[in-house]
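# Descriptive analysis of the structure
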Amino acid sequence: TITAAVGSSVVFESAFSLYMSATYDANAQKVVIVYFDEGGSDYGRAVVGTVSGTSISFGTPVNFQTARVSQISATYDANAQKVVIVFNDNANSLGKAVVGTVSGTSISFGSTATFNSSFSSETTAVYDPNTQKVVIAYRDIGNSSYGTAIVGTVSGTSISFGSSAVFESTQVRHVSTTY
């Protein structure tokens, strides 16, 4: 029989939050949680968590987008040793991504990059260690809600994209990615 120890729950955000996603930064050995903060002007936020034994503590949340966001997903690029956050910029109806660098109990961000020029729903991201690329899959509202994917390459604190490809030429829901 295997017994697992479970620690106490810890609040990382006291306001109502949505679209939560988490990833593990193996280089910094930290957890990064990203979310929509309804109590913080509907901004996109990220917070760094440090695990010790069966407990976790959090740094101060940082905005990765100072505008209303939704459809958030995070992944860790092991080659670049960076966190990549993909999201929809609701103010401009754009699919965007940003690269984060964890340092201690905080995270800082490069400039955002647009991967889709229309609203991107059901957005999810995964890192492919064989190609050392990030793959983003999403429901492209501007293209009949088709299932679409695009490859991103991280360089420093920036991300650039190839051309998007439709993987399902009909409306999709509940898009998910894995490697």
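Refer to the preceding data block for the structure.
Definitions and cut-offs
Residues numbered from 1 in each chain as written. Predicted model: local features only at pLDDT ≥ 70, side-chain atom pairs only at ≥ 80, totals over all residues. Heavy atoms only, no water. Patch = residues over 30% accessible without salt bridge, like charges linked within 9 Å, V, L, I, M, F, W, Y side chains within 5 Å. Areas by Shrake-Rupley, 256 points an atom, 1.4 Å probe, with all protein chains shown as cover. Salt bridge = Lys/Arg side-chain N within 4 Å of Asp/Glu carboxyl O. Helix = DSSP H or I, 4+ residues; strand = E, 2+ residues; numbered from the N terminus. Buried < 20%, exposed > 50% of the residue type's maximum accessible area, 1.4 Å probe, protein only. Core = buried A, V, L, I, M, F, W, Y, C linked by side-chain atoms within 4.5 Å. Contact = heavy atoms within 4.5 Å. Polar contact = N/O pair within 3.5 Å; in protein donor to acceptor, adjacent residues only side chain to side chain. Pairing = 2+ DSSP bridges.

## Overview of a nonpolar patch on the surface
- Taken together, the side chains of Phe-16, Leu-18 and Tyr-19 make up a nonpolar region of the molecular surface, amounting to roughly 270 Å² of accessible area.
- If you trace the backbone, Tyr-19 turns up in strand S1 (residues 17-25).
- Taking relative accessible area as the criterion, Tyr-19 reaches 36% and is therefore assigned partly exposed.

## Description of the nonpolar core
- With 16 residues, the main nonpolar core has Val-32, Val-34, Phe-64, Ile-72 and Ile-85 as its most contacted residues.
- When contributions to this core are tallied by element, the ones reaching two or more residues are strand S2 (30-37), strand S3 (43-52), strand S6 (69-77), strand S7 (82-89) and strand S8 (94-103).
- The element that contributes the greatest number of residues to this core is S6, accounting for four residues.
- Apart from residues no more than four positions distant in its own chain, Val-34 is found in contact with Tyr-19, Met-20, Ser-21, Arg-45, Ala-46, Phe-64, Ile-72, Ala-74 and Ile-85.
- Of all hydrophobic cores here, the second largest spans 14 residues; its members include Val-86, Val-99, Tyr-127 and Val-134.

## Describing the environment of Ser-108
- Structurally, Ser-108 can be placed in strand S9 (residues 106-109).
- Among the residues examined, Ser-108 registers a relative accessible area of 44% and is labelled partly exposed.
- Separated by 46 residues in sequence, Ser-108 and Val-62 have C-alpha atoms that sit 7.7 Å apart.
- Setting aside residues no more than four positions away along its own chain, Ser-108 makes contact with Val-99, Gly-100 and Thr-101.

## Some points on the side chain of Ser-70
- Tracing the chain through its elements places Ser-70 in strand S6.
- Reaching out from Ser-70, the side chain makes a polar contact with the side chain of Asn-90 at a distance of 2.8 Å.
- Setting aside residues up to four positions removed in sequence, Ser-70 forms contacts with Tyr-19, Phe-87, Asn-88, Asn-90 and Phe-119.

## Describing the pairing of strand S13 (residues 146-155)
- One ladder, built from seven bridges, connects strand S12 (residues 133-140) with S13; its direction is antiparallel. Bridging across to S13, Val-134 finds its partner in Gly-152.
- Taken together, the four bridges between S13 and strand S15 (residues 165-171) define a ladder with antiparallel strand orientation. Along S15, the bridge assignment pairs Tyr-146 with Gln-171.
- Looking at chain direction, S13 and strand S14 (residues 158-161) are connected through four bridges and run antiparallel.

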